[in-house]
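# Structural description and commentary
Residue strings, one per chain:
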Amino acid sequence: MKLETLEKYNDIVIQMHDNPDADAVGSGYAIYRYFQAKGKRVRLIYGGRQPITKSNMKLLLQELAIPVEYVQELEAPELLLTVDCQYGEGNVQRFEAQNIAMIDHHNTGRVSDAMSEIRSHIVSCATICYDLLLAEGFDVNADIRIATALYYGLYMDSKELSEIRHPLERDMIDFLHYDRVLVRRLNHANFTIDEMETAGIAMIRHSYDENKRLSIIKSNPCDPNILGLVGDLVLQVDSIDVCIIFNECPGGFKLSVRSCAPDVAANELARFLTAGIGDGGGHLDKAGGFISKRQYEKRYGEKGIESFFFQRVDEYYDSYDVIYAKDGVKDVSGFCKYRKKAYICGFVRTTEVVPAGTVCRIRTLEGDATVTAGEDIYLMIGYFGEVYPIERVVFERKYRVLDASFEKSFEYPPTLITQADGKTRKLLPFAKQCIVQEEVRVFARELCKDTKVFTKWDYEKYMAGEAGDMLCYTEGDAKDLYIIKKNVFGETYEEAE
Ligand SMILES: [Mn+2]
């Protein structure tokens, strides 16, 4: 997406997620100034259950005179542009709009198009906005307030710059002329005295499960961002890998989940804890959620919220098995031999799409995987258009190349994203046909429980299988374990003698 394409709209509302953080405000404000400079009628808003109360955020808005509006109602604007969030997600109040555009860095599976710019490998949304503004020739240093807002967004979303990786993020740090004195003040204004006490009491009253290396903490009412800050701090404890912290808020309970346990994705746990009674989501390591009191009482009656969390967490840990491919298959019982049906599938040689050495993300059915293009890495396009990586030697053993291009249409066209610039490339124009070799066999067994498989490939998280999906490995390589979805397996494999 280019900002220029949005210039055809005159009445523009920029919406940040509920409980806006520094990244949402920095992103929103910079884009606001851009459209203002173009002579548009533009507003910067957010909705949700409560207005901003966090001290650093109030200081930021005040010092930079950022015209943020907290609204509960909105007359459908010509364009609604969400920043640091995506329209329809749980953390964004829903407003009607004639047209919708988005700029975001959260991975929800959505990819960029003419009306959205989604780069989930970038640490802050402010960085994406910075890049979009630069592309339009907009001088972000013309006003120190714009540069400072963008910088502070990046600073806060990158754990005080400790998670900076991308060249664009480095450029931004070097290039922005921001107000150092103000950033310093902001960094020392994260808590009020009252919040410090709230945080202290919460930590003193923590509960701890040694086996799960997990802590559940009930806090007194406070700003939702304070919950996250306490969670971040608690996760630094050497014997805690997962932290759930919650408190009462208007209409229900607010929770924050932090995880550094490889088999517990914070966003997945937040969704699990709030399923059916609220909403939850976020990143792999940080997530949040809300439980509605009305829905909670309908379902759990008088049950205390603390015992609910303990019970639900147990259910979560009991709900799945974990398998590490590097350990191989220890128990082969239950595995049967299958043969891939002889249908024509597509494959792509990575080096025909991008130069060798290019780091790419591919969108698989199992979430994103990172692969480095090379002569020895191919990509397979599966029956339903899913993409997965395969080593050339394995490919050559399993498939025979046919001299024809692969043409098939999919609901979601197979896509590759180059890490450095976040550009998406369609894979189908590069795809060739191949057919499975007669003699290829896999061993597979049905999962009787949800299972997380850590494959030998660099997936951003585990491959998640549900009961009924098939756990497979190729004959002769018990360390190449992977999951094939039930419906895909049924369509593409048959039992072998
Ligand atoms: Mn952000």
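Here the structure is a predicted model, which means the values were calculated and not measured. (Residues numbered from 1 in each chain as written. Predicted model: local features only at pLDDT ≥ 70, side-chain atom pairs only at ≥ 80, totals over all residues. Heavy atoms only, no water.)

A few words on the overall build of the chain. Looking only at helices and strands, the chain features 14 helices and 30 strands. For the chain, whose C-alpha radius of gyration is 24 Å, the value lies close to the compact-globule estimate of 23 Å for 497 residues. Considered along the principal axes of its C-alpha atoms, the chain spans approximately 70 × 55 × 40 Å. By residue count, 53% of the 497 residues in the chain fall in the buried class. (Helix = DSSP H or I, 4+ residues; strand = E, 2+ residues; numbered from the N terminus. Rg over C-alpha atoms; globule rule 2.2 N^0.38 Å. Buried < 20%, exposed > 50% of the residue type's maximum accessible area, 1.4 Å probe, protein only.)

Coordination of the manganese ion by the protein involves D23 (OD), D84 (OD), H105 (NE2) and D157 (OD), with metal-donor separations of 2.1 to 2.3 Å. Along the chain, the residues that donate to the manganese ion are spaced as D-x60-D-x20-H-x51-D. Within this pair, whereas D23 is found in helix 1 (residues 22-37), its partner D84 is found in the loop between strand 4 (79-83) and strand 5 (100-104), the two being separated by 61 residues in sequence. Neither D23 nor D84 differs from the other in exposure class; each is buried. (Donors = N, O, S within 2.8 Å, 3.2 Å for Na, K, Ca; no water.)

Bringing unusual backbone geometry into the picture now. Despite not being glycine, A65 has its phi angle at roughly 50 degrees, a positive value. Within the secondary structure layout, A65 lies in the loop between helix 2 (55-63) and strand 3 (68-70). Positioned with a positive phi, E160 is a non-glycine residue whose angle comes to about 55 degrees. Tracing the chain through its elements places E160 in the loop between helix 4 (144-157) and helix 5 (167-175).

The domain architecture assigned to the chain consists of domain 1 (3-187), domain 2 (193-318), domain 3 (321-338 + 438-497) and domain 4 (343-437). Inter-centroid distance (C-alpha atoms) of domain 2 to domain 4 is 40 Å. (Domains from an automatic or database assignment.)

Looking now at the sheet that holds strand 30 (residues 493-495). Read from one edge of the open sheet, five strands run 29-28-24-14-30, paired in antiparallel fashion. At either end of the open sheet lies a strand with only one pairing partner, and these are strand 29 (477-484) and strand 30. Here the strands of the sheet are splayed against their neighbours by 40 degrees on average, with no regard to which way each runs. (Pairing = 2+ DSSP bridges. Axes fitted to C-alpha atoms, helices over the stretch in contact; angles between N-to-C directions.)

A separate point is helix 5. Where helix 5 is concerned, the buried positions are L168, E169 and M172. The buried side chains of helix 5 occupy one side of the element, clustering within an arc of 105 degrees when seen end-on. (Arc of directions from axis to C-beta.)

A few words now on the packing of aromatic side chains. Counted according to the given criterion, the structure contains 27 aromatic pairs. A ring pair is formed by Y316 and Y320, whose centres lie 5.2 Å apart and whose planes are at 65 degrees; its orientation type is edge-to-face. Y320 sits in the buried class, given a relative accessible area of 8%. Over the ring of F272 we find R312; its NZ or CZ atom is 4.0 Å from the centre of that ring. Between K452 and the ring centre of Y320, over which it is positioned, the NZ or CZ distance is 3.4 Å. (Phe/Tyr/Trp six-rings, centres within 6.5 Å; stacked < 30°, edge-to-face > 60°. Lys NZ or Arg CZ within 6 Å of the ring centre and 35° of its normal.)

Once that is clear, we can look at the sheet that holds strand 2 (residues 41-46). Within a sheet, neighbouring strands are paired by backbone hydrogen bonds and run either parallel or antiparallel to one another. Overall, parallel pairing links the six strands, which are arranged 3-2-1-4-5-6 in an open sheet. The open sheet terminates on both sides in strands that have one partner only, identified here as strand 3 and strand 6 (116-118). For this sheet the average axis-to-axis angle between neighbouring strands, irrespective of direction, equals 25 degrees. Note that strand 5 and strand 6 share three bridges and pair parallel. Within strand 6, the residue paired with I103 across the bridge is E117. Contacts from helix 3 (residues 125-135) reach strand 4, strand 5 and strand 6, with the element oriented near 115 degrees to strand 5. (Contact = heavy atoms within 4.5 Å.)

On the secondary structure map, Y320 appears in strand 13 (residues 320-324). Each C-alpha atom of the pair Y320 and D263 lies 9.7 Å from the other, and the pair is 57 residues apart in sequence. Ignoring any residue separated from it by four or fewer positions in sequence, one finds Y320 in contact with D263, V264, K449, D450, T451 and K452. Side chain to side chain, Y320 and D263 meet in a polar contact 3.3 Å long. (Polar contact = N/O pair within 3.5 Å; in protein donor to acceptor, adjacent residues only side chain to side chain.)

Among the structural elements, G282 can be located in strand 11 (residues 278-282). As for G282 and H106, which are separated by 176 residues in sequence, their C-alpha atoms are 7.3 Å apart. Apart from residues no more than four positions distant in its own chain, G282 is found in contact with N267 and A287.

This part is about the packing of helix 4 against helix 6 (residues 180-187). Orientation of helix 4 relative to helix 6, taken along the N-to-C sense of each, is 40 degrees, at an axis distance of 11 Å. With respect to each other, helix 4 and helix 6 are oriented oblique. Remark: the crossing between helix 4 and helix 6 carries right-handed chirality. Residue-level contacts link T148, Y151, Y152, Y155 and M156 of helix 4 to L182, V183, L186 and N187 of helix 6. Grouping the constituent residues of the contact of helix 4 with helix 6 by class yields seven nonpolar, two polar and no charged. (Parallel < 35°, antiparallel > 145°, perpendicular 65-115°, else oblique. Left-handed = near helix turned anticlockwise from the far one by under 90°. Nonpolar A, V, L, I, M, F, W, Y, C, P; charged D, E, K, R; others polar.)

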